[in-house]
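Summary of structural features
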Amino acid sequence: ALRDVNFEAKRGECLGIIGRNGAGKSTLLQIACGIIRPSAGSLEVNGRVAAMLELGAGFDPELTGRENVYVAATVLGLATAEIRARFGAIADFAGIGEFMDRPVKHNSTGMYARLAFAVCAHVDADILIVDEVLAVGDAAFVQKCMRFIRGFMQRGTLLFVSHDTNMVVNLCTQAIWLEGGQIRHSGVPKEVVHHFLVSLYEGRDTAGRFGIGGRALAAGDGNAPAAT
């Protein structure tokens, strides 16, 4: 799904990652998190990673929001005493009220996003990875998250995937545009976004633009893996 993708994100930087569906963005983030191993190349990560890759990923739908906070924060490296001490702040940030003590299967997508972001915001991560989570939040919650992100950038590193190109330009310090599993352009976010949008306006939305590792897949190819 990825070929010859090279980048470096330092402390205090926000790397925006843009591209069409199937470009390899989610695969890249999963590799950065250690969820999947690259078949070639290497990755160096220095620090604790907190990731929001898929809405509610890692949450048990049968457990309450409170119980899921303890499970998720434990996975991210906090001890039970630390979670207990921070639970009030997490609950306040999430702002879902009585739904904190109900099974999360009853939560809306916005509530999932609130809970997931609230946990990641309170685990003392060095690297924060955000994949489209803000797209489902209401305006007030998005503003709260943006204030947190800007403060986080003073001490950590952010990898940020979004289809909102204005947000990438306003938030990120650098950006890469993935296309067909490869980097088409990298550098100043405004310039990268410009090239990406020009490509969108000139291109067509057809099945032929989807590919794995830059190779277009023929229809009915039974050996073709799913695009990411």
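As shown above, the structure is provided for reference.
Below you will find a few notes about this structure. (Residues numbered from 1 in each chain as written. Predicted model: local features only at pLDDT ≥ 70, side-chain atom pairs only at ≥ 80, totals over all residues. Heavy atoms only, no water.)

1. Observations concerning the sheet that holds strand 6 (residues 182-187)
Ordered in space as 2-3-4-1-5-6, the 6 strands form an open sheet in which the pairing is mixed. Bordering the open sheet on either side are strand 2 (49-52) and strand 6, each of which pairs with just one other strand. Averaged over all neighbouring strand pairs, the angle between strand axes comes to 15°, with direction disregarded. Pairing analysis gives 4 bridges linking strand 1 (residues 14-18) to strand 4 (residues 157-161), with the strands arranged parallel. If you follow Leu15 over to strand 4, its bridge partner there is Leu159. Across the sheet, helix 1 (residues 25-33) lies against strand 1, strand 2, strand 3 (127-131), strand 4 and strand 5 (174-179), angled at about 155° from strand 3, the strand it touches most. Together, strand 2 and strand 3 form the strand contacts of helix 4 (residues 109-120), whose direction differs from that of strand 2 by roughly 175°. (Pairing = 2+ DSSP bridges. Helix = DSSP H or I, 4+ residues; strand = E, 2+ residues; numbered from the N terminus. Axes fitted to C-alpha atoms, helices over the stretch in contact; angles between N-to-C directions. Contact = heavy atoms within 4.5 Å.)

2. Concerning the pairing of strand 2
Here strand 2 shows one buried face, formed by Ala50 and Met52, and one open face, formed by Val49 and Ala51. Across 4 bridges, strand 2 lies against strand 3 in parallel orientation. Across the sheet, Ala51 pairs through a bridge with Ile129, a residue of strand 3. (Buried < 20%, exposed > 50% of the residue type's maximum accessible area, 1.4 Å probe, protein only.)

3. Thoughts on the nonpolar core
Generally speaking, a soluble globular protein has its nonpolar side chains buried in company with each other. Counting 50 residues, the largest nonpolar core has Phe117, Leu128, Ile149 and Phe160 as its most contacted members. Setting aside anything within four residues of it in sequence, one finds Phe160 in contact with Cys14, Leu15, Gly16, Ile17, Val130, Leu134, Met167, Val168, Leu171 and Cys172. Counting 13 residues, the second-largest nonpolar core is a separate cluster that includes Leu15, Ile17, Ile127 and Val161. (Core = buried A, V, L, I, M, F, W, Y, C linked by side-chain atoms within 4.5 Å.)

4. Side note on the pairing of strand 1
Of all 5 residues in strand 1, 5 are buried; the element is thus mostly enclosed. In strand 1, alternate side chains face the same way, and those of Cys14, Gly16 and Ile18 on one face and Leu15 and Ile17 on the other are all buried. Pairing geometry for strand 1 and strand 5, over 4 bridges, is parallel. Within strand 5, the position partnered with Gly16 by the bridge is Ala175.

5. Here we look at the environment of Cys120
Here Cys120 lies in helix 4. Cys120 sits 48 residues away from Ala72 along the chain, and the two C-alpha atoms are 8.7 Å apart. With near-sequence residues (within four places) excluded, Cys120 lies in contact with Ala50, Ala51, Met52, Leu76 and Leu128.

6. Describing helix 4
The terminal C-alpha atoms of helix 4, which comprises 12 residues, lie 17 Å apart, in line with the 16 Å expected from a rise of 1.5 Å per residue. Of all 12 residues that make up helix 4, 10 are buried, and the element is covered over most of its length. Within helix 4 the residues assigned to the buried category are Gly110, Tyr112, Ala113, Arg114, Leu115, Ala116, Phe117, Ala118, Val119 and Cys120. The elements touched by buried residues of helix 4 are strand 2, helix 2 (65-75), helix 3 (80-94), strand 3 and helix 5 (139-152). (Expected span 1.5 Å × (residues − 1).)

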